[in-house]
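# Analysis of the macromolecular model
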Amino acid sequence: IHVRFRDRRIGDILVIYLCALGCIGAMVVDVEFDGVTLISAILISNMVFYLFLRAQDMDHDPLTRLWNRRLFYEDCRKLGNTVTAVASVDMNGLKKTNDELGHEAGDRILHMMGDTLTENSSGSLCCRLGGDEFLLFMKNVSEQEAGDRMTAIIRDFEENKKDDPEIAIASISAGMVMSTPEDS
C-alpha cells in the first residue's frame, strides 16, 4: 500500500496516532492475557512506523524534504491537463559555496531553497530533480498567479539568505512556461 499526503506532517501524525491506538488497544487486551499482547503490539507498531518512515524517505529528498525525481516522474503521468504552468529553478553558486565554505554551507542553501519553494508552492507539485535543479508544476493558475508565485520565490530566497552571510553568494535563476488544455 502506497499512501502519500501533500503535507507530510499529516501522514506522519496519522501513522503516529495509529501506532499509539494499537498500543492502547493492546494495553486494554493485555489485562486479559498477562502481558504477552502488549509487547507484541508495541513491536508491531514500531515496525509499521519504521516502514512508513522508510517509504517516506524513498519519495523525498533528504535535504530539502521536497519530492524527489522518482516521485516527480511518477506524478507527471497522473497530472494530465491540470498543469497550467511549469517553472524551472536553478541555484547559482552552490558548487562555489561547497568548494570554498564546505558542504555544510551548501546543505544550508539547499535546505533554505526547499523551505522557500514549500512556502510558495501551495497547490503545486514541487520537487528537487537533483543537484541544484528544482521543478514546480502549478495547477490551474493564471499567468499572473504563476508570475506572482515565481516573484515571491525569488524575493523570499534573497530575503532568507540575508540571515546567513556565508551563503550570500548563492542566487537563483528561474524560467516559466504556460500551457493550455490543448497542449500535449
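This report concerns the structure included in the present document. All residue numbers here refer to positions counted from 1 along the written sequence of the relevant chain. Only residues with pLDDT of at least 70 are given local features in this predicted model, and only at 80 or more are side-chain atom pairs given and counted; all residues enter the totals for whole chains, interfaces and linings. Computation of side-chain values covers all heavy atoms of the structure but excludes hydrogens and water.

## As for the overall build of the chain
Spelled out, the test is: Per the convention used, a helix needs a DSSP run of H or I reaching at least four residues, while a strand needs a run of E reaching at least two, with both numbered from the N terminus. Here the term buried applies to any residue with accessible area under 20% of the maximum for its type, exposed to any over 50%, and partly exposed to those in between, with areas from a 1.4 Å probe on protein chains only. Contacts were defined at the residue level, with two residues in contact if any of their heavy atoms lie within 4.5 Å. Accessible surface is estimated by sampling points in the Shrake-Rupley manner with a 1.4 Å probe; for residues, cover comes only from the protein chains shown.
The secondary structure content of the chain amounts to six helices and four strands. Along the chain, helices (α) and strands (β) appear in the sequence α-α-α-β-α-α-β-β-α-β when read from the amino end. Here the chain holds 184 residues, and the buried ones make up 36% of them. Excluding contacts between residues fewer than 6 apart, the proportion of contacts in the chain whose partners are at least 24 apart in sequence is 68%. Surface accessibility of the chain: about 11,000 Å² in total, with carbon and sulfur atoms responsible for 60%.

## Comments concerning the nonpolar core
Stated precisely, the cut-off is as follows: For this analysis, a nonpolar core means a set of buried residues of the types Ala, Val, Leu, Ile, Met, Phe, Trp, Tyr and Cys, connected via side-chain atoms within 4.5 Å.
Counting residues in hydrophobic clusters, the biggest one holds 24 residues, and the most contacted among them are Met91, Met113, Leu117, Phe134, Met138 and Phe157. At the level of secondary structure, the elements contributing two or more residues to this core comprise strand E1 (83-92), helix H5 (103-119), strand E3 (133-139) and helix H6 (143-161). At six residues, H5 tops the list of elements feeding residues into this core. Residues in contact with methionine 138, not counting those within four places in the same chain, are Thr82, Val83, Thr84, Ala85, Ala87, Ser124, Ala146, Arg149, Met150 and Met176. Formed by ten residues, the second largest nonpolar core is a distinct cluster that contains Leu79, Val83, Leu129 and Phe137.

## Let's talk about the packing of helix H4 (residues 94-101) against H5
Inclusion rule: Think of each axis as a best-fit line through the C-alpha atoms, taken over the contacting stretch in the case of a helix, with angles from 0 to 180 degrees between the N-to-C directions. In the scheme used here, Gly and all other residues not listed as nonpolar or charged are polar, with Ala, Val, Leu, Ile, Met, Phe, Trp, Tyr, Cys and Pro taken as nonpolar and Asp, Glu, Lys and Arg as charged.
Where H4 contacts H5, the axes come no closer than 6 Å and their chain directions differ by 145°. On the side of H4, the interface is formed by Leu94, Thr97, Asn98 and Leu101, while H5 contributes His103, Ala105, Gly106, Ile109 and Leu110. Across the contact of H4 with H5, the residue classes break down as five nonpolar, four polar and no charged.

## Concerning unusual backbone geometry
At arginine 65, a position not held by glycine, the phi torsion is positive, near 60°. For asparagine 140, which is not glycine, the phi torsion reads 50° and is therefore positive. Tracing the backbone shows asparagine 140 in the loop between E3 and H6. Among the residues examined, asparagine 140 registers a relative accessible area of 59% and is labelled exposed.

## What about the pattern of salt bridges?
As a reminder, the rule being used: A pairing counts as a salt bridge when a side-chain nitrogen of Lys or Arg comes within 4 Å of a carboxyl oxygen of Asp or Glu.
According to the stated counting rule, one finds eight salt bridges in the structure shown. Here lysine 95 ties to aspartate 99 by a salt bridge, and the two come within 2.7 Å at their closest N and O atoms. Residue lysine 95 and its partner aspartate 99 are located together in helix H4, separated by four residues, close to a single helical turn. Residue lysine 95 is classed as exposed on the basis of its relative accessible area, which comes to 61%. The exposure class of aspartate 99 is exposed, given its relative accessible area of 55%. The partner of arginine 108 in a salt bridge is glutamate 166, with the nearest N and O atoms 2.4 Å apart. Of this pair, arginine 108 sits in helix H5 while glutamate 166 sits in the loop between H6 and strand E4 (171-178); the two residues are 58 residues apart in sequence, bridging distant segments of the chain. A residue is classified by how much of its surface remains accessible, and arginine 108, at 26% relative accessible area, is partly exposed. Salt bridges here are not isolated pairs; linked through shared partners, they connect Glu104, Arg108, Asp164 and Glu166.

## Quick word on the sheet that holds strand E2 (residues 124-130)
As a reminder of what qualifies: Here, a strand pair is defined by DSSP locating no fewer than two bridges between the strands.
The strand order across the open sheet formed by four strands is E2-E3-E1-E4, and the pairing between neighbours is antiparallel. Each of the sheet's edge strands pairs with one partner strand only, and the pair in question is E2 and E4. Across the sheet, the axes of successive neighbouring strands diverge by a mean angle of 20°, strand direction being ignored. Pairing between E1 and E3: seven bridges, direction antiparallel. Counterpart to aspartate 90 in the pairing with E3 is glutamate 133. H5 rests against E1, E2, E3 and E4 of the sheet, and its axis sits at about 160° to E1.

Spatial relationships are all this shows, so hold off on functional conclusions.
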